[in-house]
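So the chains spell out like this:
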Amino acid sequence: MKQPYADTRQHILDTAAHLIAAKGFSCVGLNEVLQAAEVPKGSFYHYFKSKEQFGQALLEDFFNRYLGFIDSLFANTALPARERLLRYWQQWRDTQCEGCDEQKCMVVKLSAEVADLSEPMRLTLRDGTERIIGRLADCIAAGAADGSLPTLDPLDTARTLYQLWLGASLLAKLHRTECPLEHAMGATKKILSL
């Protein structure tokens, strides 16, 4: 008999994240998730009332993990803030390249797909991206304080850079080339130059 998972809810979310990162939210059915997770349907409905609530939980889990990654990267004050920001964008570039389906950003993957389908999922995406932009703004402000960045409006600059990278990621997907990501990196370095 199959051993139960220590945290079945998290196991379902982890399994689904890989499937949805590759196929999208609408193309992945609950049966596919449950079969891949090797859990019965009743387990799903014990934790999630609907696929929409499940999608919301999936996004919240993504943002919690992603913000944890950002926090650990930006907490390394042994590096100037500019270097921490460039490492963040380099990691973004490395995980949005062709063939990195399992590491793709859920914001890039799902924003256009679910924004018109689910108001709760749209709000979760909106709030999560605002939290990311806030972390970027804090690091930009730290860069002005440590002298590694010019004096910039932290929030406006963070918003501009985040939008630049979201757009570049979508174009990289459409064109199946890393050129938009390389362009975004070049533009980012110019914006962050002293």
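Further up the page is the structure itself.
Residues numbered from 1 in each chain as written. Predicted model: local features only at pLDDT ≥ 70, side-chain atom pairs only at ≥ 80, totals over all residues. Heavy atoms only, no water.

Draft legend 1. Here's a closer look at the overall build of the protein. A tally of helices and strands in the protein yields nine helices and zero strands. Scanning the protein from its N terminus toward the C terminus, one meets helices and strands in the order α-α-α-α-α-α-α-α-α. Taken over the C-alpha atoms alone, the protein extends approximately 60 × 35 × 30 Å along its principal axes. Burial analysis of the protein (194 residues in total) assigns 44% to the buried set. For the protein, contacts bridging at least 24 residues in sequence account for 67% of all contacts bridging at least 6. When the accessible surface of the protein is split by element, carbon and sulfur atoms take 53% of a total near 10100 Å². Of the side-chain charges in the protein, 22 are positive and 24 negative, and the distance between the mean point of each set is 1 Å. (Helix = DSSP H or I, 4+ residues; strand = E, 2+ residues; numbered from the N terminus. Buried < 20%, exposed > 50% of the residue type's maximum accessible area, 1.4 Å probe, protein only. Contact = heavy atoms within 4.5 Å. Areas by Shrake-Rupley, 256 points an atom, 1.4 Å probe, with all protein chains shown as cover. Lys, Arg positive; Asp, Glu negative; His and termini not counted. Charge placed at Lys NZ, Arg CZ, Asp CG, Glu CD.)

Draft legend 2. Geometry of the pattern of salt bridges. For the structure shown, the criterion picks out eleven salt bridges. Notably, a salt bridge pairs glutamate 83 with arginine 87, separated by 3.2 Å at the nearest N-O pair. With glutamate 83 and arginine 87 both in helix α5 (residues 81-95) and four residues apart, the pair spans about one turn of that helix. By relative accessible area, arginine 87 is classed as partly exposed at 40%. Arginine 93 is paired through a salt bridge with glutamate 178; the nearest N and O atoms lie 3.2 Å apart. Here the residue arginine 93 occupies a position in helix α5, and glutamate 178 occupies one in the loop between α8 (154-175) and α9 (179-191), the gap between them amounting to 85 residues. Residue glutamate 178 is classed as partly exposed on the basis of its relative accessible area, which comes to 29%. Connected via shared salt-bridge partners are Asp14, Asp61 and Arg65. (Salt bridge = Lys/Arg side-chain N within 4 Å of Asp/Glu carboxyl O.)

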